[in-house]
Amino acid sequence: MKVAALVGSIRKDSYNMKLTTFMKDRYKDHLDIKIVQIRDLAHYDQDIESEAPASVQNFKAQLSDVDAFLVVTPEFNHSIPGVLKNALDWLSRGEKEMEGKPTFIAGATMGILGTVRAQMHLRQILNAPGMGAQVLPGNEILVGQVQNKMDEYGQLTDQKTIDFIDGVVDTFVSYAGEKFSQATV
Ligand SMILES: Cc1cc2nc3c(=O)[nH]c(=O)nc-3n(C[C@H](O)[C@H](O)[C@H](O)COP(=O)(O)O)c2cc1C
């Protein structure tokens, strides 16, 4: 299953990017995770969407053949970062690349609550009629105090966290499989 990962932090030492890379490597037998960059996207502007800039066309082209999405976000001021919201706004227009696609979400933060408020907003956004993502219900990957759970190479070292993520990924693989079989009957 081809999964596009969108990561809400663009800083070079991002824990969220490290978490995504960890998941890409760990689950490579079940999921073909491709991390799609959102750093250089133009700001969403309705005036230019019919002739979108190359950054947007390139971004959307990379998502045209994916089966599913993983959205990984830090928490910025109790919500998702603007850079991620901008990317999602582009995906709610034109081809609507996330529409009907099985999607799961994750986040890491150095704070205690582990992106819980950001993920609540993210879920709301992904459920907007313009987005139409099929978000895995009842499961969330919240890694709080991530600086204590990851080594300097970006490998998670906290076994409880790893076991938990393994469980969510298993659930997502089943969920996405059910969505595919529904789509083909
Ligand atoms: C502008 C800004 C706002 C933040 N707001 C929150 C917040 O509301 N809640 C929280 O737990 N952490 C907050 N943080 C801390 C980030 O979640 C933390 O720095 C996290 O590691 C960023 O993710 P990254 O490592 O992937 O870049 C904020 C950080 C920044 C830069």
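Residues numbered from 1 in each chain as written. Predicted model: local features only at pLDDT ≥ 70, side-chain atom pairs only at ≥ 80, totals over all residues. Heavy atoms only, no water.

The chain is annotated in an unreviewed UniProt entry as NADPH-dependent FMN reductase of Halobacillus litoralis. Per UniProt, the chain has the following entry under Sequence similarities (unreviewed entry): "Belongs to the azoreductase type 2 family." (UniProt positions renumbered as here; feature names shortened; annotations may be inferred.)

For the rest of this paragraph, the subject is the packing of helix α3 (residues 82-91) against helix α4 (residues 116-126). At a minimum axis separation of 11 Å, α3 and α4 run at an interaxial angle of 10 degrees. Overall, the two elements α3 and α4 adopt an arrangement that is roughly parallel. The handedness of the crossing between α3 and α4 is right-handed. Residues Leu84, Lys85 and Leu88 of α3 lie in contact with α4, whose contacting residues are Leu122, Ile125 and Leu126. (Axes fitted to C-alpha atoms, helices over the stretch in contact; angles between N-to-C directions. Helix = DSSP H or I, 4+ residues; strand = E, 2+ residues; numbered from the N terminus. Parallel < 35°, antiparallel > 145°, perpendicular 65-115°, else oblique. Left-handed = near helix turned anticlockwise from the far one by under 90°. Contact = heavy atoms within 4.5 Å.)

Turning to the UniProt feature "domain: NADPH-dependent FMN reductase-like" (unreviewed entry) in the chain, a few remarks are in order. On the UniProt side, "domain: NADPH-dependent FMN reductase-like" (unreviewed entry) is annotated at positions that read residues 1-146 here. Counting secondary structure, residues 1-146 comes out at 29% helix and 18% strand; the distance between its end C-alpha atoms is 28 Å.

We now examine the site of the ligand. Close contacts around the ligand come from 13 residues, with Ser9, Arg11, Ser14, Asn16 and Asn77 the closest. Contact between the ligand and Ser14: an oxygen atom at 2.6 Å from a side-chain N or O atom of the residue. The contact in question runs from a nitrogen atom of the ligand to an N or O atom on the backbone of Asn77, over 2.8 Å. Alone, the ligand offers 630 Å² of accessible surface; in the complex the protein occludes 72% of this. Of the residues that constitute the shell around the ligand, the class distribution is 4 nonpolar, 6 polar and 3 charged. (Near = heavy atom within 4 Å. Polar contact = N/O pair within 3.5 Å; in protein donor to acceptor, adjacent residues only side chain to side chain. Areas by Shrake-Rupley, 256 points an atom, 1.4 Å probe, with all protein chains shown as cover. Nonpolar A, V, L, I, M, F, W, Y, C, P; charged D, E, K, R; others polar.)

Glancing now at the packing of aromatic side chains. In the structure shown here, the tally under the stated rule is 3 aromatic pairs. Judged by centre distance (4.1 Å) and plane angle (20 degrees), the rings of Phe104 and Phe172 are stacked. Here Phe104 is found in strand β4 (residues 102-108), whereas its partner Phe172 is found in helix α5 (residues 159-184), with 68 residues between them in sequence. In this pair, the class of Phe104 matches that of Phe172, namely buried. The exposure class of Phe172 is buried, given its relative accessible area of 0%. Of the aromatic side chains, those joined through ring pairs into one cluster are Phe104, Phe172 and Tyr175. When the ring centre of Tyr15 is taken as reference, the NZ or CZ atom of Lys18 above it lies at 5.3 Å. (Phe/Tyr/Trp six-rings, centres within 6.5 Å; stacked < 30°, edge-to-face > 60°. Buried < 20%, exposed > 50% of the residue type's maximum accessible area, 1.4 Å probe, protein only. Lys NZ or Arg CZ within 6 Å of the ring centre and 35° of its normal.)

Within the secondary structure layout, Asn86 lies in helix α3. For Asn86, the residues in contact, after removing those within four places along its chain, are Leu41, Ala42, His43 and Tyr44.

This part takes up the environment of Phe164. With respect to the helices, strands and loops of the structure, Phe164 is situated in helix α5. By relative accessible area, Phe164 is classed as partly exposed at 47%. Sequence separation between Phe164 and Glu140 is 24 residues, and the spatial gap between their C-alpha atoms is 9.7 Å. Sequence-distant contacts of Phe164, defined by excluding residues within four places in its chain, comprise Glu140 and Ile141.

Turning next to the pattern of salt bridges. Applying the stated criterion across every chain yields a total of 7 salt bridges. The partner of Asp65 in a salt bridge is Lys2, and the shortest N-O contact between them spans 2.8 Å. Of this pair, Asp65 sits in the loop between α2 (54-62) and β3 (68-72) while Lys2 is found in strand β1 (residues 2-7), placing the two residues 63 residues apart along the sequence. A relative accessible area of 40% places Asp65 in the partly exposed class. Given a relative accessible area of 35%, Lys2 falls into the partly exposed group. For Lys12, the salt bridge is made with Asp13, and the minimal N-O distance between the two is 3.7 Å. (Salt bridge = Lys/Arg side-chain N within 4 Å of Asp/Glu carboxyl O.)

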